[in-house]
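# What the coordinates show
The primary structure of each chain is shown beneath.
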Amino acid sequence: MTQRTAMGRSAVARTAVTTTLAAAVLLTGCGGPDGDSDGDGPATAGAAAGSAEPLTGKQARSVLPDAAAMPGLEPRAEPAIVPMDGDAGQDICPKTHRKGCDGARFRGTAAFTDPATGTEVDFWLIAYDDERSAENGYDILWDWFGRGVGVQPDKVSIGAVGQERTARRGSPDGRTGPVTVAQIRVGATLLWLSTTAGDTAKSTTANSDTAKTGSAMSSTAADTPTTVTDDRLKALATLLAERAQQAERGRAPSAHFAG
């Protein structure tokens, strides 16, 4: 299995992430059926291995965390799943990257906001027919979603989660706060999470409150955007991967964000 490398939030590149996350609202309306040191590469001992059964729509939806799994954060879009048939994949797999959706069964999204800082946390997934399809889609879709962190992003370690993982943090236009995107493969499912810093005004205003009560997600300094710490990013990635592993093993996902 090959090492995964970085791909190039410019206005154009950010479209990859914003288009997908905007689809969360549409999905909610539609409903749906019930590591190495740098954080990239193949899984180490302890990660899920072997042939994975494809997820049903109900199982795929259960992978996405709900409000109960994300204490301290406010839902922006409830977990929702739709089948990947007809034109359903055009927003998540644009024409230039359409092969990344070959063999895809379902797609889904969920989204949250940290009320203390304005930091946005978004999850999305594609469940495939088999592991080979998910493997084949990995590089193609990282080339698309990985653009959301700008052209010179920093590597971020998210631990040895899943069979494959890649995470980068950057400033899309060199001026706005940091954005982090992580992609993980667990069996026949590709998973993503992104964190987008709250704006400077909100995070500066919230700074005194955060100092008193603590934020579930971020650290801040006066007059600077919020930043999700590496430890919390790793906790989010672990949460998502564990929920996928639990679903693939036929169990009801129970992993939750511990902050």
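What you are looking at is a predicted structure, and each value in this text was computed from that prediction instead of being measured. (Residues numbered from 1 in each chain as written. Predicted model: local features only at pLDDT ≥ 70, side-chain atom pairs only at ≥ 80, totals over all residues. Heavy atoms only, no water.)

### Quick word on the overall build of the chain
In terms of helices and strands, the chain carries 5 helices and 10 strands. For the chain, the proportion of its 259 residues judged to be buried stands at 52%. (Helix = DSSP H or I, 4+ residues; strand = E, 2+ residues; numbered from the N terminus. Buried < 20%, exposed > 50% of the residue type's maximum accessible area, 1.4 Å probe, protein only.)

### Description of helix α5 (residues 230-248)
In this model, α5 (19 residues) spans 27 Å end to end at C-alpha, consistent with the 27 Å of a helix rising 1.5 Å per residue. Among all positions of α5, only Leu 233, Leu 236, Ala 237, Leu 239, Leu 240, Ala 241, Arg 243, Ala 244, Gln 245, Gln 246, Ala 247 and Glu 248 are buried. The secondary structure elements touched by the buried residues of α5 are α2 (57-63), β4 (120-128), β6 (164-170), β7 (179-186), β8 (189-196) and β10 (227-228). Immediately downstream of α5, the backbone of Gly 250 shows phi near 80°, a positive value. (Expected span 1.5 Å × (residues − 1). Contact = heavy atoms within 4.5 Å.)

### What about the pattern of salt bridges?
A complete count under the given rule lists 9 salt bridges for this structure. Arg 76 is the partner of Asp 122 in a salt bridge, and the nearest nitrogen-oxygen pair spans 2.7 Å. Of this pair, Asp 122 sits in strand β4 while Arg 76 sits in strand β2 (residues 74-83), placing them 46 residues apart in sequence. With relative accessibility at 1%, the residue Asp 122 sits in the buried group. Classification of Arg 76 as partly exposed rests on a relative accessible area of 37%. Here Glu 131 and Arg 185 are joined by a salt bridge, their closest N and O atoms 3.3 Å apart. Residue Glu 131 is located in helix α3 (residues 131-145), and its partner Arg 185 is located in strand β7; the two are separated by 54 residues in the primary sequence. Accessibility expressed as a relative area gives 1% for Arg 185, which makes it buried. Several salt bridges share partner residues, and in doing so they unite Glu 131, Arg 132, Glu 135, Glu 164 and Arg 185 into one network. (Salt bridge = Lys/Arg side-chain N within 4 Å of Asp/Glu carboxyl O.)

### Points about the pairing of β8
Of all 8 residues in β8, 8 are buried, a share of seventy percent or more. Bridge count for β4 against β8 is 8 bridges, and the pairing is antiparallel. From the neighbouring strand, Trp 124 faces β8, where its bridge partner is Trp 192. Linking two consecutive strands that pair antiparallel, namely β7 and β8, is a turn of 2 residues; a positive phi of about 60° is found at Gly 187 within it. (Pairing = 2+ DSSP bridges.)

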